[in-house]
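Residue-level listing of the chains:
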Amino acid sequence: MRAVVFKAPREVAVEDVPDARAERDDDVLVRVTSSALCGTDLHMYDGRTGATPGMVLGHEGMGIVEFAGRAVHRVRRGDRVVLPAHIFCGVCFNCARGDSAACLRVHPGYVGGAYAMPGMGPFRGSQAELVRVPFADANCVVLPGVPGDEHEDDFVLIADAWVTGWHATELAGVRAADTVAVFGAGAVGLLAAYSARLRGAGEVYSVDLIDERLEKAAELGFVPVDVRQGDPVEQIRDLRRARRGARPPGEEEMGGVMAGIDAVGFQARDRSHLDKENPRQVIDDLARLVNPTGRLGIAGVFTATDAAPASEGGHADGSLQVPWAALFNKGVTVGFGRTHDRRYTTHLRDLIISGRARPSEIITHHESLQNAPSIYDRFDRRVDGIVKAVFNHR
């Protein structure tokens, strides 16, 4: 089968690799119809998180079940399915409580498993013609329709990007009428803002430094905040002051936001030197911006091993200095961690089916799988206006 394979930092190739095959009776094999390129894939592409040569990439995929093992009961050959990025058994202590990203069985001796993520099991990725799905009854979300229909692009986003965006709003406890600031207007950040709006947020600010992302944020109805124009905390405070008559009485004394979301992670840019990284930047800004008793959701990736840590505040072991005193004194609630897909996937699928949501509005590019090396390169360099790219396998 053909698949996108990691070769070396900033080098991928589309190669023939051995076909995926069932290894257990509760496996299925899925013929992939669409997969997506995620910012997390770039952490590996850049050589930051321990990808090894020959690794099949991709953790956002959907397709048609081609084979189902004899112990699979809820999924049948011919079903159209989307595959959550985090793999889980569905029945262990953590899965039974909805904490599926902390599954205790999928990768024995470790907590959690995922497609094509170093340290999270031997599972090959979905940027391939065929993918093996373990614990298939838990890890296949059955979809209506047929490949290539009007919802293909919507459904592929519930493999990871949209569930992570929704998870970010859960971590930040977004409530109706809240003021929300999302740092990062990539796919996850835009979908976090989108989720906040679906949950009834009153004001949503989208912070970034790339024109096309800011334009997409404005197109979706969020307030774009350009880091290149100055301190985003002060920009948002000024924008909120300009809305004086439209703010909840009494809130103007605080001037910040009630919910903040980090959708950037450890490769955040230093505002003083935008060509350099500073993994503390977004956390520091959010600690200043969030109101007393507010809430933070940290959805951006922070890795325990970084092969090329930033010179300003970066550490190879993932250590990070955080302004805990500021957060403590404000009484801020902080939530972070990987996405517990089990909690959200069917809910988000049904929002799409009912017509309440079209997350595919963030997708800007479609490519054939064969063009993966080019799209990886352009996405990594932030050129050609790529916000979210989807590979069509059909």
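Keep in mind that this is a model prediction, so the values were computed, not measured.

Undergrad: It is not clear to me how the overall build of the protein chain should be interpreted in this structure. Could you clarify?
TA: Summing up its helical and strand segments, the protein chain has 11 helices and 19 strands in all. Taking 21 Å as the expected radius of gyration for a compact globule of 394 residues, we find that the protein chain reaches 20 Å, a close match to that expectation. Overall size of the protein chain, expressed as C-alpha extent along the three principal axes, is 60 × 45 × 40 Å. Within the span of the protein chain, comprising 394 residues, buried residues form 58% of the whole. A separation threshold of at least 6 residues defines the contact pool for the protein chain, and within that pool the share at least 24 residues apart is 71%. Split by element, the accessible area of the protein chain, about 16,000 Å² in all, is 49% carbon and sulfur. Measuring between centres, the 46 positive side-chain charges of the protein chain sit 4 Å from its 53 negative side-chain charges.

Undergrad: Could you clarify how one ought to interpret the sheet that holds strand β13 (residues 257-262) in this entry?
TA: Sheet strands associate in pairs through backbone hydrogen bonding, adopting either a parallel or an antiparallel arrangement. Within the open sheet, the six strands sit side by side as β12-β11-β10-β13-β16-β17. Their pairing is parallel. Strand pairing shows two members of the sheet lacking a second neighbour, β12 (223-226) and β17 (333-336), which therefore form its edges. Across the sheet, the axes of successive neighbouring strands diverge by a mean angle of 20 degrees, strand direction being ignored. When strand β10 (residues 179-183) meets β13, the two strands line up parallel, connected through four bridges. Among the inter-strand pairings, Ala181 is bridged to a residue of β13, identified as Gly260.

Undergrad: Quick question: what am I supposed to make of the packing of helix α4 (residues 161-171) against helix α10 (residues 345-353) here?
TA: Relative orientation and spacing of two packed helices are given, respectively, by the angle between their axes and the distance between those axes. With their axes 10 Å apart at the nearest point, α4 and α10 run at an angle of 110 degrees to one another. As judged from the angle between their axes, α4 and α10 are roughly perpendicular. On the side of α4, the interface is formed by Trp162, Val163 and Trp166, while α10 contributes Thr345, His347, Leu348, Leu351 and Ile352.

Undergrad: Would you mind showing me how to read the pairing of strand β2 (residues 11-16) here?
TA: A regular strand carries its side chains on alternate faces of the sheet. Relative to β2, strand β1 (residues 2-8) runs antiparallel, the two sharing six bridges. Paired with Phe6 across the strands is Val12, a residue of β2. Once β1 ends, the chain turns through two residues before running back antiparallel as β2, passing Arg10 with a positive phi of about 65 degrees.

Undergrad: It is not clear to me how α4 should be interpreted in this structure. Could you clarify?
TA: Since the α-helix turns once every 3.6 residues, residues separated by three or four places project in the same direction. In terms of residue burial, α4 counts as a mostly covered element, since 10 of its 11 residues are buried. Listed in full, the buried residues belonging to α4 are Ala161, Trp162, Val163, Thr164, Gly165, Trp166, His167, Ala168, Thr169 and Leu171. Considering only its buried residues, α4 is in contact with α5 (187-198), β13, β16 (290-298), β17 and α10. Just past α4, the residue Gly173 takes up positive phi, approximately 55 degrees.

Undergrad: Sorry, what's going on with the side chain of His393 here?
TA: Residue placement: His393 occurs in the segment after β19 (389-392). Separated by 3.2 Å, the side chain of His393 and the backbone oxygen of Ala128 make a polar contact. Not counting chain neighbours up to four residues away, the residues in contact with His393 comprise Val32, Thr33, Ser34, Ser35, Ser126, Gln127, Ala128, Glu129 and Leu369.

Undergrad: Any chance you could explain unusual backbone geometry here in plain terms?
TA: Among all residues save glycine, negative phi is the norm, and among peptide bonds the norm is trans. A positive phi angle, near 70 degrees, is found at Thr293, a position not held by glycine. Structurally, Thr293 is set in strand β16. On the basis of relative accessibility, which here comes to 55%, the residue Thr293 falls in the exposed class. Even without glycine at this site, Arg382 takes up a positive phi of about 55 degrees. Here Arg382 lies in the loop between α11 (372-380) and β19. Since its relative accessible area comes to 40%, Arg382 is described here as partly exposed.

Undergrad: Mind showing me how you'd approach the packing of aromatic side chains here?
TA: Think of a pair of aromatic rings as described by two things: how far the centres are apart, and how the planes are tilted against each other in angle. This model, assessed by the stated rule, comprises three aromatic pairs. Plain terms: the ring middles of Tyr45 and Tyr376 are 5.3 Å apart, the flat faces sit at 40 degrees to each other, and that makes the pair tilted. With Tyr45 in helix α1 (residues 39-45) and Tyr376 in helix α11, this pair connects stretches of sequence that are 331 residues apart. Summarising the burial analysis for this pair, Tyr45 and Tyr376 share the class buried. Between the aromatic rings of Trp162 and Tyr194, the centroid separation amounts to 6.1 Å while the plane-to-plane angle is 65 degrees, which identifies the pairing as edge-to-face. Residue Trp162 is located in helix α4, and its partner Tyr194 is located in helix α5; the two are separated by 32 residues in the primary sequence.

Undergrad: What should I look at first to understand the pattern of salt bridges in this one?
TA: A pair can form between side chains of opposite charge whenever their charged atoms are brought close. All told, the structure shown has 34 salt bridges when counted by the stated rule. Its salt-bridge partner being Glu60, residue Lys388 comes within 2.7 Å of it at the nearest N-O pair. In this pair, Lys388 sits in the loop between α11 and β19 while Glu60 sits in the loop between α1 and β4 (61-68), placing the two residues 328 residues apart along the sequence. You can call Lys388 buried: its relative accessible area is 2%. Put simply, Arg378 and Asp384 hold a salt bridge, and the shortest N to O gap is 3.3 Å. When its relative accessible area of 16% is taken as the criterion, Arg378 is described as buried. The network of salt bridges with common partners includes Asp231, Glu234, Arg271, Asp285 and Arg288.

Undergrad: Where do I start with the environment of Val14 in this structure?
TA: Positionally, Val14 belongs in strand β2. Separated by 320 residues in sequence, Val14 and Val334 have C-alpha atoms that sit 41 Å apart. Look past the residues within four positions of Val14 in its chain and what remains in contact with it is Arg2, Ala3, Val4, Leu369, Gln370, Ala372 and Pro373.

Basis of the calculations
Residues numbered from 1 in each chain as written. Predicted model: local features only at pLDDT ≥ 70, side-chain atom pairs only at ≥ 80, totals over all residues. Heavy atoms only, no water. Helix = DSSP H or I, 4+ residues; strand = E, 2+ residues; numbered from the N terminus. Rg over C-alpha atoms; globule rule 2.2 N^0.38 Å. Buried < 20%, exposed > 50% of the residue type's maximum accessible area, 1.4 Å probe, protein only. Contact = heavy atoms within 4.5 Å. Areas by Shrake-Rupley, 256 points an atom, 1.4 Å probe, with all protein chains shown as cover. Lys, Arg positive; Asp, Glu negative; His and termini not counted. Charge placed at Lys NZ, Arg CZ, Asp CG, Glu CD. Pairing = 2+ DSSP bridges. Axes fitted to C-alpha atoms, helices over the stretch in contact; angles between N-to-C directions. Parallel < 35°, antiparallel > 145°, perpendicular 65-115°, else oblique. Polar contact = N/O pair within 3.5 Å; in protein donor to acceptor, adjacent residues only side chain to side chain. Phe/Tyr/Trp six-rings, centres within 6.5 Å; stacked < 30°, edge-to-face > 60°. Salt bridge = Lys/Arg side-chain N within 4 Å of Asp/Glu carboxyl O.

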